[in-house]
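Spelled out, the chains give:
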Amino acid sequence: MISKSEISSAVGASKYMTAQASVEYYAGENSPSQWGGKGAEHAGVSGEVKEADLTNILLGKVREVSEGANGQQEEKTVQLGRTKIDQVTGEKAIEHRAGVDFTFAPPKSVSMESEVWGRQDVRDAHEKAVRASMDYLEANAAQYRVKENGIATTVQSDNLTYATFQHATSRAGDPQTHTHVLIANLTYDGDGKARSLSNEKLYDHRTTADAVYKNELASGLQALGYELNYDGRGEFEISGYGKEKLKEFSKRSEEIDAALRERGSNKEQASHEARQVANLATRVEKEAGHSESAEPHRGRWQREASELGIAPAERKTQEIGIDSAKGIVSNAIASWAEREQEFSKKDLVKETMLQSSGRVSSQNLLAEIEKQRESGELVQRTNDRSGARFTTQAAIAGEQWADKQISAGTDAHISVMNKKEFEAALTAFEDRKSREIGNGQEFRLKDEQRNAAYNILTSGDQFSAIQGSPGTGKTTMLEFVREAAESKGWTVQGMSNGASQAETLQKESGIKSSTVASFLSEYSKTNTEPQGIAKTLYINDEASMSGQKDFNSTIAATQHAGAKMVFAGDQDQHQSVAAGAAYERAISNGKMQVSYLVDITRQKTAEAKAPVQSIIAGNHAEAIRMTAKEFSNARTIANNKWEQISANQGDTLTKSQTAQRKEELKQASRQDNLASIRTLAKDYAALSPEDRNKTAVITGTNADRVAINNQIRDELKAQGNLSAGKVINTLKVKDLTTAQRSEASSYQGGDVLIQTSKRGEVAHMKVKQINTRANTITVTKEGKDYEIKAASAVNMQAYVEQQREFSAGDKVAFTQNSGAVKNGTIGTFVKIDDLIMTVDINGKQKEIDLRNYKHIDHGYVMTSHKSQGATVDRTLIHHNVDSGMHGQRESMVNNTRARLKTVTYTQDMDKASKQAEKEVSKTVATKVRRVDKERTLQPRLEGDRSMVQRNEFANNVFAEQLRFSPAKYSDYKEVKQNNNERTNEKTPEKTPEKTLEAAKGKVQERVREREQGIELSM
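The notes below deal with the structure included here. This structure is a prediction, so every number in the text was calculated from the model and none was measured. (Residues numbered from 1 in each chain as written. Predicted model: local features only at pLDDT ≥ 70, side-chain atom pairs only at ≥ 80, totals over all residues. Heavy atoms only, no water.)

This part takes up the overall build of the protein. The secondary structure content of the protein amounts to 34 helices and 42 strands. The long-range fraction of contacts in the protein, counting pairs at least 24 apart against all pairs at least 6 apart in sequence, stands at 74%. Accessible surface computed for the protein: about 45,700 Å², of which carbon and sulfur atoms make up 46%. (Helix = DSSP H or I, 4+ residues; strand = E, 2+ residues; numbered from the N terminus. Contact = heavy atoms within 4.5 Å. Areas by Shrake-Rupley, 256 points an atom, 1.4 Å probe, with all protein chains shown as cover.)

So, in structure tokens, the structure goes:
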């Protein structure tokens, strides 16, 4: 791994490092220090690191070579930094940051082989991996700042200057292979001028550089004949070393771990600052004469190893695999492309290294990424702060295909009914609803609901959309659309991205509905010829949560069936986990008629309406402040403590104090977050059972969801509403892309793989071990071990086992579809007998066989994504400022669920308010731009029904491929207009009325063209 620390003293670091290096230079050993980086040549240093050279460079006194007036090279020493003037004395001083220490350390088993058993080729493999990682950083993270016209910008350079120092021991005297890389605050521009290094990219790319280091080290070790055991993606030990025995040689690590545990943390969860504080808190001065070389300690280490039964790892002659860099890079690209239309080079490199796990050298993998960029398979965008960004040809083609098909759907179908028939159907629907309400009350659709229904039912377009804000009566309008269409002999079929959303659509509108996945699965089984025109109307609800792939597939399915499709969604709520912002692009590019529903009527009290009105006005921060309860006691105490310490020291803190303060504030934030969870749980438990059933508890992450579920259960137990229950094994889905499922490095011992055959038979397998070199997985099935190729796991689903206690009365959430339940269904636990769990779902008892179905969890809390589409009386929102991807979409969804009241629980209201303002959107591969209106619909009178002008938002933008600029939804999202401006115009009735034959003719004209491009639906 790579740890980092700022170099606080140039003179101190130079003296310490070079002094250590000089005494460690044993006869026959390589020099433990070395200059590195292209910048070192500019600076005139090479070979062994001398104290004077290192001191000067860290102080910013560096060599600069330039061409003189006579054409000769001139050398001079320049001073980097900025001049600081003392406000009291007027004295000038140079202020210059020395640099940063990146320390590379391999797994403990590598230190055992290298230092205890003296295997120099293992140490060489480590140093080679360090160089590969530094080469990556030099090529991608070297930059400096320049100012032009008062505006600061960063410029990419191609060089770093650094000094490496090889050490072999820890402060506790254990074997610990590690290399300090002191990266100077120096880089040179294209003219050879010395510049101060802007180190943001170094920190931003550190985890990617770490992945490069680990892949290169694994590659080198496997080439030496070692087998590696992986326990997570990118983490490994050499085979033959047990964890317990390695702990005996990890005293320093154990000291730090113990310090973290005392602070309520551990090394897996702790931040860099937390580890740094624990490191400093447990650090002792090295004993006099302590050697950083392995040679003086080796005899003692070998005796200790012998007593523990530890022997050198066995090396075996292994076949060098035939894994290609192209295959691994393509798989990494596919993995990112499954989640985003555009991604950074930094993230692609990291994913590539993780998938490789030493099978291919880092150099070859990086070269293959560049090759795919040059070939055009990867399409490069302009850089962002992290560097280059890419999209793919497939992503571009998929978006363009959708644009083309939607455009081709204009006037390509038939209307469900004409104006007169629409008026009659509307009157019949409103009269029926009025009778159902009774008490002489009159039911009427709002103008925007009528107009949206009119557009759907009288248009001849094959594709149309409803852009509906939450709580605007979309499903009521769709109920009318269904009744009207069915009265004319049409079949109306619904779909939504989640099972619970599909269930809600069916329940509230009467439209028979399924999930999009189920709809597409049925479509994939269709082997009929494409239909011409069919009286079938599809309603794709929550379409804004569809990725580009599914969106395109629903288009293709609609065309094949000869049906019409209505995409209903909201561009301001959550998007898909999958790649793309398909719905937003479709309603923004002017190729499809869009009806707008903007009049939100869900909220019934002034208290519930206020935050929603703020959000609609674009003030998400205000909405948080209106509803928030802040829990900041621990943070206030910590702040007061450190303000006093700083005041006592002349308003200053030492480096270690600054790190400790930062970590204590983080700990305080965690304590305050727990306080917010406890209060939320108390407030929820204090509600009556009836009110609890009408309350949604929403949070941002699954980790917080689990914590709140547990706290609520504790509160209910304390009240006597829950008793001790039974602990059962459950399964949590492992979040892997399709490409990741084909890599052994994605799995670890204990994972569960489930395979479902075409006949519906289910097989459970438990992962025993993985072999990244061969890319195979050893699984246990029905008591027998089998070795399978990781590629075969693509058609399986991976899970992690976890345990949950359930008591009578517990809320149970089902997390996967089955015959008895759907993903997202909430039930009440009744009992469990012989692994048969009985639950109550809407008053009906169902039995779940836990031997075959373990996809259950506590159901008191849902994530924000899961809550989209829900309507409740009150919402209790948990906003943890330290975790989750908070932003405007989450704020919109969370605050628009409740009819009566919304409360937000957070440990920092100011930070939560700022986070709520962030735009967090999916990337797109192609942008759209404004053009002259081409499909403007003229307003027309509709008797006593007021006609409102259709919003120009959907009329004045068209798709355009912009291949070499960054593309995000914010690039084409229109500024929101006031509600009175965001209105609809009904579709003008065709004159004369379009005939079935004319529509069939147009469909047939484009069938061949569509079929030729169907692959582009991804």
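Still to come is the rest of the account.
The phi dihedral of Glu542 falls on the positive side, at around 50°, and the residue is not glycine. Turning to its location among the elements, Glu542 is positioned in the loop between strand S22 (536–541) and helix H21 (548–561). Among the residues examined, Glu542 registers a relative accessible area of 8% and is labelled buried. Residue Asn775 is not a glycine yet carries a positive backbone phi of 55°. Tracing the chain through its elements places Asn775 in the loop between strand S29 (762–771) and strand S30 (776–781). (Buried < 20%, exposed > 50% of the residue type's maximum accessible area, 1.4 Å probe, protein only.)

Turning next to the side chain of Ser576. Among the structural elements, Ser576 can be located in the loop between strand S23 (564–569) and helix H22 (582–588). Among the polar contacts listed, one links the side chain of Ser576 to the backbone oxygen of Met545, at a separation of 3.4 Å. Side-chain polar atoms of Ser576 contact the backbone nitrogen of Ala578, separated by 2.8 Å. Discounting residues that sit within four places of it in the chain, Ser576 has contacts with Ser544, Met545, Ser546, Gly547 and Lys922. (Polar contact = N/O pair within 3.5 Å; in protein donor to acceptor, adjacent residues only side chain to side chain.)

For the rest of this paragraph, the subject is the sheet that holds strand S10 (residues 162–169). Taken in spatial order, the five strands make up an open sheet running S1-S7-S11-S10-S2, and their pairing is antiparallel. Single-partner strands in this sheet number two, and they are strand S1 (2–6) and strand S2 (33–36). Within this sheet the neighbouring strands show an average axis-to-axis angle of 25°, counted without direction. In this sheet, strand S7 (residues 99–104) lies alongside S1 in antiparallel orientation, the contact comprising five bridges. From the neighbouring strand, Ile2 faces S7, where its bridge partner is Phe104. Across the face of the sheet, helix H4 (residues 108–116) comes into contact with S10 and strand S11 (175–184) while running at roughly 100° to S11. (Pairing = 2+ DSSP bridges. Axes fitted to C-alpha atoms, helices over the stretch in contact; angles between N-to-C directions.)

Every α-helix winds through 3.6 residues per turn, so residues three or four apart in the chain are directed the same way. Taken together, the buried positions of helix H20 (residues 516–524) are occupied by Val516, Phe519 and Leu520. One side of H20 carries all its buried residues, which in axial view fall inside an arc of 95°. Summarising the contacts, the buried residues of H20 are in contact with strand S20 (491–496), strand S21 (512–515), S22 and H21. (Arc of directions from axis to C-beta.)

What follows concerns the pairing of strand S32 (residues 797–806). The sheet contact formed by strand S27 (residues 726–733) and S32 spans eight bridges and is antiparallel. Looking across to S32, one finds that Val733 is bridged to Tyr799. In terms of strand pairing, strand S28 (residues 752–756) meets S32 through three bridges, oriented antiparallel. Its bridge partner being in S32, Val752 is matched across the sheet by Tyr799.

In summary, soluble globular proteins display a tendency toward joint burial of nonpolar side chains. Grouped together as the largest cluster of nonpolar side chains are 73 residues, with contacts concentrated most on Ile183 and Ile777. Per-element tally for this core: the top contributor is helix H5 (residues 120–140), with eight residues. When sequence neighbours within four positions are dropped, the list of residues in contact with Ile777 reads Ala744, Tyr747, Val767, Gln769, Ile770, Tyr786, Glu787, Ile788, Ala790 and Ala793. With 31 residues, the next largest nonpolar core counts Ala452, Phe480, Trp490 and Leu597 among its residues. (Core = buried A, V, L, I, M, F, W, Y, C linked by side-chain atoms within 4.5 Å.)

Glancing now at the pattern of salt bridges. Under the criterion given, the structure shown has 62 salt bridges. Between Asp210 and Lys214 there is a salt bridge whose closest N-O contact spans 3.0 Å. With Asp210 and Lys214 both in helix H7 (residues 206–223) and four residues apart, the pair spans about one turn of that helix. Judged by relative accessible area, Asp210 falls into the buried class, the value being 12%. Since its relative accessible area comes to 14%, Lys214 is described here as buried. The closest approach of N and O atoms between Glu805 and Lys717, which form a salt bridge, is 2.6 Å. In this pair, Glu805 is assigned in strand S32 and Lys717 in helix H28 (residues 702–718), connecting sequence segments 88 residues apart. (Salt bridge = Lys/Arg side-chain N within 4 Å of Asp/Glu carboxyl O.)

This brings us to the side chain of Glu399. Among the structural elements, Glu399 can be located in helix H15 (residues 393–408). Look at Glu399 and you get buried, because its relative accessible area is 0%. Among all residues touching Glu399, those that are not within four sequence positions of it are Gln341, Gln548, Arg585, Val924, Ala925 and Thr926.

Fair warning: the whole summary comes from geometry, so function is off the table for now.
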